[in-house]
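# Structure at a glance
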Amino acid sequence: MDKPKVVLGVSGGIAAYKACELLRRLTESGHDVRVVPTASALHFVGAATWSALSGNPVSTEVWDDVHEVPHVRIGQHADLVVVAPATADTLAKAAHGLADDLLTNTLLTARCPVVFAPAMHTEMWEHPATQENVATLRRRGAVVIEPAVGRLTGVDTGKGRLPEPAEIFEVCRRVLARGVAEPDLKGRHVVVSAGGTREPLDPVRFLGNRSSGKQGYALARTAAARGARVTLVAANTGLPDPAGVDVVRIGTAVQLRDAVLKAAQDADAVVMAAAVADFRPATYAAGKIKKQDGQDPDPIVLVRNPDILAEISADRARPGQVIVGFAAETDDVLANGRKKLERKGCDLLVVNEVGESKTFGSEENEAVVLGADGSETPVPHGPKEALAETVWDLVARRLR
Ligand code: CTP
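Residues numbered from 1 in each chain as written. Predicted model: local features only at pLDDT ≥ 70, side-chain atom pairs only at ≥ 80, totals over all residues. Heavy atoms only, no water.

### Here's the deal with the nonpolar core
As a reminder of what qualifies: What we call a nonpolar core is a set of buried Ala, Val, Leu, Ile, Met, Phe, Trp, Tyr and Cys residues that are connected through their side-chain atoms within 4.5 Å. Throughout, exposure labels follow a simple rule: accessible area from a 1.4 Å probe, protein chains only, divided by the maximum for the residue type, with under 20% read as buried, over 50% as exposed, and the rest as partly exposed. Working definition: helices are DSSP H or I runs of at least four residues, strands are E runs of at least two. Numbering for both runs from the N terminus. The contact definition used throughout considers only heavy atoms, calling two residues in contact when any of these lie within 4.5 Å.
One finds Leu219, Val324, Val350, Leu387, Trp392 and Val395 to be the most contacted residues of the largest nonpolar core, which totals 33 residues. At the level of secondary structure, the elements contributing two or more residues to this core comprise strand 8 (189–195), helix 10 (214–225), strand 11 (229–235), strand 13 (269–272), strand 16 (322–329), strand 17 (348–353), strand 18 (364–371) and helix 14 (384–399). The leading source of residues in this core is helix 14, at 8 residues. Beyond its immediate sequence surroundings of up to four residues, leucine 219 is in contact with Val192, Val271, Ala273, Phe326, Ala388, Val391 and Trp392. In terms of nonpolar packing, the next biggest core, distinct from the first, is built from 29 residues, Ala19, Leu26, Val33 and Val45 among them.

And the structure:
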């Protein structure tokens, strides 16, 4: 099978260096990438770098290799065009159909999905001109990723940062696999919890679990791609923020409860993918617990943590709010899942089998989604994104 053909457009912003990482991810995962930088992008990263990393020729103008008609061919033959970073200038040209270099010509001739990952200063992003250009591009079916909030060039911080290359890559992968579908969660607010809580014993020790947060991040990323406003409550994860998602970082089960309850007030759906500690140490030692010569250690006394899933299911913040739980089981997976669904009172329960090497930290997952209506939706072994899509399919159906 031919490799999918991706055009990586790079416009002239300092974040151009991050596009090298995106390019590497695209080529290593089996895509044939043609980089089309603008002339200003080459001030930041030179043509030799793009050419070496992509294994393809690089030009910025329509006047090179004219006999091959590159200004038409590159766009016509692409399966995906992604522009990262997309500057305010490139967005404006794309929105108005200007074509004064190879990238803008490519954007006009492409009939495949187009993804823009804007990066610029906050003032430029917020300017009505840019906002109207973004709205125009979205109306025409382009995917414009929301910029991240954080450190910009120099000492400035704010909205306008290029999302992490790993996250832009995930958006590209999804668009290549599924195309640009009608965003069925548009106008919805969803809350996702992810990761594993840590219950401190003293300033240096905690009781924790092996949850990586990858499934919750896949849920958040997928919901954002389907048009939802997403609040991700993240417990101790070391993962890059999914593009266009509000991330609230917490540590313990009690903090997770506060953050989820707050975000759930106006939410259409809440998905509890976090591994919440059922117990926490009864006392917290303000200083590090020391060993005492010749003495056995004191036992650790535990107290129950609140059951957040049961609480939000019993006392819904809004009528019709859809609540999804996860169950990690080692034995009698389905029977235990059914019992847990009833006990927790949620609408859907994603049941997966766990063990030392299964699920935790892995890229793949296999599960059955049980519905309070008696339904059973098996999800075959596959990427965590695929399970996430099934969860949102089931949620979207219940919200309609
Ligand atoms: N959960 C929660 N609050 C807790 C414990 C768990 O909200 N204190 C949520 C998890 O986020 C998950 C679901 O409940 O969505 C199932 O968690 P799990 O630990 O598998 O179930 P438990 O009810 O703790 O049952 P058991 O430990 O007996 O298997």
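### Considering the sheet that holds strand 12 (residues 246–250)
This is how it is decided: If DSSP finds at least two bridges between two strands, the strands pair. Axis lines are fitted through C-alpha atoms, for helices just across the contact stretch, and the angle between N-to-C directions can take any value from 0 to 180 degrees.
Within the open sheet, the 8 strands sit side by side as 12-11-8-13-16-17-18-19. Their pairing is mixed. The open sheet is flanked by strand 12 and strand 19 (376–383), the only strands paired with a single partner. Within this sheet the neighbouring strands show an average axis-to-axis angle of 20°, counted without direction. As paired elements, strand 16 and strand 17 share 6 bridges and run parallel to each other. Across the sheet, residue phenylalanine 326 finds its bridge partner in strand 17, namely valine 350.

### Overview of the sheet that holds strand 5 (residues 143–144)
A sheet is described by the order of its strands in space; here 5 strands give the open sequence 2-1-3-4-5, paired in parallel fashion. One side of each edge strand has no neighbouring strand; the edge strands of this open sheet are strand 2 (32–37) and strand 5. As defined by bridge partners, strand 4 (residues 114–118) adjoins strand 5 across 2 bridges and the pair is classed as parallel. For phenylalanine 116, the partnering residue across the bridge sits in strand 5 and is valine 144. Where helix 9 (residues 165–178) meets the sheet, its contacts fall on strand 1 (5–10), strand 3 (80–86), strand 4 and strand 5, and the angle it forms with strand 3 comes to roughly 160°.

### Quick notes on the site of the ligand
What counts here: Throughout, near means a residue has at least one heavy atom within 4 Å of the molecule or strand. Polar contact criterion, stated in full: a pair of N or O atoms within 3.5 Å, where within protein one must be able to donate a hydrogen and the other to accept it, and residues adjacent in sequence count only if both atoms are side-chain atoms. Each accessible area is a Shrake-Rupley result for a 1.4 Å probe, and residues are judged covered by the shown protein chains and nothing else.
Near the ligand lie 16 residues; those nearest to it are Met272, Ala274, Leu309, Phe326 and Lys344. A distance of 3.1 Å separates a nitrogen atom of the ligand from a polar atom in the backbone of isoleucine 308. Between the ligand and lysine 344, the relevant distance is 2.7 Å, taken from an oxygen atom to a side-chain nitrogen or oxygen of the residue. Relative to its free-state accessible area of 580 Å², the ligand is covered by the protein chains to the extent of 78%.

### Points about the domain arrangement of the protein
Stated precisely, the cut-off is as follows: Start and end positions for the domains come from either an automated domain assignment or a database one. Joining two parts hides part of their accessible area as seen by a 1.4 Å probe, and the buried area is that hidden amount summed over both. Put simply, a salt bridge is a Lys or Arg side-chain nitrogen that is within 4 Å of an Asp or Glu carboxyl oxygen. Charged means Asp, Glu, Lys or Arg here, nonpolar means Ala, Val, Leu, Ile, Met, Phe, Trp, Tyr, Cys or Pro, and polar covers whatever is left, Gly included.
Here the protein is partitioned into domain 1 (5–178) and domain 2 (189–399). With 10 residues of domain 1 at the contact, the number on the domain 2 side is 11 residues. Taken together, both faces of the contact between domain 1 and domain 2 bury some 820 Å²; the carbon and sulfur share is 55%. Broken down residue by residue, the surface that domain 1 buries against domain 2 is led by Glu167, Arg174 and Arg178, which jointly contribute 58%. Where domain 1 meets domain 2, there are 3 salt bridges. Across the salt bridge formed by arginine 174 and glutamate 389, the nearest N and O atoms sit 2.7 Å from each other. Taken together, the residues that form the side of domain 1 that touches domain 2 break down as 3 nonpolar, no polar and 7 charged.

### Quick look at the side chain of threonine 390
Tracing the backbone through its elements, the reader meets threonine 390 in helix 14. Setting aside chain neighbours within four positions, we find threonine 390 in contact with Thr377 and Val379.

### Quick look at the pattern of salt bridges
Applying the stated criterion to the full structure yields 27 salt bridges. In this structure, arginine 24 engages glutamate 21 in a salt bridge whose closest nitrogen and oxygen atoms are separated by 3.1 Å. Of the two residues, arginine 24 and glutamate 21 both sit in helix 1 (residues 16–28), 3 residues apart, roughly one turn of that helix. Owing to a relative accessible area of 31%, arginine 24 belongs among the partly exposed residues under this scheme. A salt bridge links aspartate 241 to arginine 249, with the shortest nitrogen-to-oxygen separation between them at 2.5 Å. A relative accessible area of 48% places arginine 249 in the partly exposed class. Linked by salt bridges that have partners in common, Arg174, Arg178, Asp184, Arg226, Glu389 and Asp393 make up one network.

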